[in-house]
Amino acid sequence: MKKHNPAKEIQDLQFFGEFGGVNPSISDSATYTFLKAKTMLDTFEGNADGCYLYSRHTSPSNHYLSLALAKMENTEAANVAGSGMGAITPVILQLAHAGDHIVSSRTIYGGSYAFLKNWTPKFNIETSFVDITDLEKVEAAIKPNTKMIYAETLSNPLLELADVAELSKIAKKHGIKLVIDNTFSPLIFSPANLGADVVIHSLTKFINGTNDTVGGVICSTNQFINDLKNVNDGSSMLLGPVMDSLRSAQILKNLRTLPIRMIQHSKNTQYLAERLEKDGLKVKYPGLASYPQKDLYDKMMNSEFGYGGMITMDLKTGEMATKFMETLQEKNVGYLAVSLGFYKTLFNAPGKGTSSEVSAEEQAKMGLSEGLIRMSIGLDFDIEATYKKMKESLEEIGFFKPELQN
Ligand code: PLP
């Protein structure tokens, strides 16, 4: 079988625009005409390939981006959405209905957690949250009415790795779907190759990379994507989280540079992780020997992209974390902001930020301490200078004072 190389798939994309444009033309229309009424009817019924009906269903621009992302994830098809949550929520609602049950990783993006914890129960869909690294617990949580296992390849914010191949075996054994959010690790992992049934991204992050729009994508089989777009009962079609064509054209152009950006994010983050760990900071990064799931990560990864741009650091107290982030921002190391995958470094303390939907008790159980900072390292050209500023900041806030070192 031909080895799937996601970067090569991106490189080999060849889309031309009208008039020989080197980028595909942007479809500036919400609706589309038909020469024959019969073709319109066929399109409604999903039987007219290559015809466009209405841009909430799909548009040529969204089609190009979807095609590109399906190639990247090695799935038959994909469907882009207006945000990451606009991809996640229709998938969940397509697969689980009233009376059904979901097994989810307990360490997922706060919005996905809140949707499963607070929103879906209103429609009688219950979720059991488990430690996704404990495969026995995952399997034990499955009930006769369970419809899916939901996880992130690399979890937000704790950087726990889901063993997609083993989770897929469990899902198949019980006849349920494995849904994987791969937002933190595009190109590094190809979850569909490892057995995931549905792969989701928030395009807002690394894939777009310029923090100027939100976006999402669902990658899966032709059947599942067509079901989502079905005009009668498809969750994407009927809930309507559609991406605008102007935005999808832009994201497609940014996707072209994703491989080189990921390599640079990884190179910079590896450098900082090694130096800061040596300085005595408690750092979690998959490229370090101290990363608890290093062997699994190495086995699962597409190694040419490195270990990614996400890193966590434990500053021990909430107060220290705040001082550190404010000092870093003053020195223009990056921005105190949620989100990730940007060309500038971004940082926040997830306990009170992106994971604030998770209760303090749950946070303690999963090991999310108040002093934990999540960083998305940028594309800095001079990473040594960045490191020096980080070290200076730690010294300035008194982090190395003996009373803080136990
Ligand atoms: N999945 C992960 C892992 C995320 O970090 C986020 C947002 O931070 C989302 C999904 C949601 O994406 P969006 O903000 O584009 O809706």
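Keep in mind the model is a prediction, meaning the values are calculated, not measured.

Novice: Just give me the short version of the overall build of the chain, but keep the residues and values in it.
Specialist: The helix and strand tally for the chain stands at 15 helices and 12 strands. Over its C-alpha atoms the chain spans a radius of gyration of 22 Å, differing by no more than 12% from the 22 Å that the globule rule assigns to 406 residues. Taking the principal axes of its C-alpha atoms as reference, the chain extends roughly 80 × 55 × 40 Å. The buried share among the 406 residues of the chain stands at 58%. Here the analysis covers contacts within the chain between residues at least 6 apart in sequence; of these, 70% occur between residues at least 24 apart. Carbon together with sulfur atoms contributes 53% to the accessible area of the chain, which is approximately 18000 Å² in total.

Novice: Residues and numbers for the nonpolar core, please.
Specialist: Within the largest apolar cluster, 84 residues are counted, with the highest numbers of intra-cluster contacts made by Leu 69, Ile 149, Leu 315 and Met 375. Counting contributing residues, this core receives three or more from each of domain 1 (6–255) and domain 2 (259–404). For Leu 69, the residues in contact, after removing those within four places along its chain, are Val 80, Leu 203, Ile 207, Val 217, Cys 219 and Leu 255. Core analysis: the second largest hydrophobic core is formed by 28 residues, Ile 108, Leu 116, Ile 125 and Met 366 among them.

Novice: So what about the packing of aromatic side chains? Which residues, and what values?
Specialist: Applying the stated criterion across every chain yields a total of 11 aromatic pairs. Between the aromatic rings of Phe 115 and Trp 119, the centroid separation amounts to 5.0 Å while the plane-to-plane angle is 20 degrees, which identifies the pairing as stacked. Residue Phe 115 and its partner Trp 119 are both found in helix H5 (residues 110–119); the two are separated by four residues, about one turn of the helix. For Phe 115, a relative accessible area of 8% translates into the label buried. Connected via pairs of aromatic rings, a cluster forms that spans Phe 189, Tyr 291, Tyr 297 and Tyr 307. One cation-aromatic arrangement involves Lys 205 over Tyr 109; the distance from NZ or CZ to the ring centre is 5.9 Å.

The rules behind each value
- Residues numbered from 1 in each chain as written.
- Predicted model: local features only at pLDDT ≥ 70, side-chain atom pairs only at ≥ 80, totals over all residues.
- Heavy atoms only, no water.
- Helix = DSSP H or I, 4+ residues; strand = E, 2+ residues; numbered from the N terminus.
- Rg over C-alpha atoms; globule rule 2.2 N^0.38 Å.
- Buried < 20%, exposed > 50% of the residue type's maximum accessible area, 1.4 Å probe, protein only.
- Contact = heavy atoms within 4.5 Å.
- Areas by Shrake-Rupley, 256 points an atom, 1.4 Å probe, with all protein chains shown as cover.
- Core = buried A, V, L, I, M, F, W, Y, C linked by side-chain atoms within 4.5 Å.
- Domains from an automatic or database assignment.
- Phe/Tyr/Trp six-rings, centres within 6.5 Å; stacked < 30°, edge-to-face > 60°.
- Lys NZ or Arg CZ within 6 Å of the ring centre and 35° of its normal.

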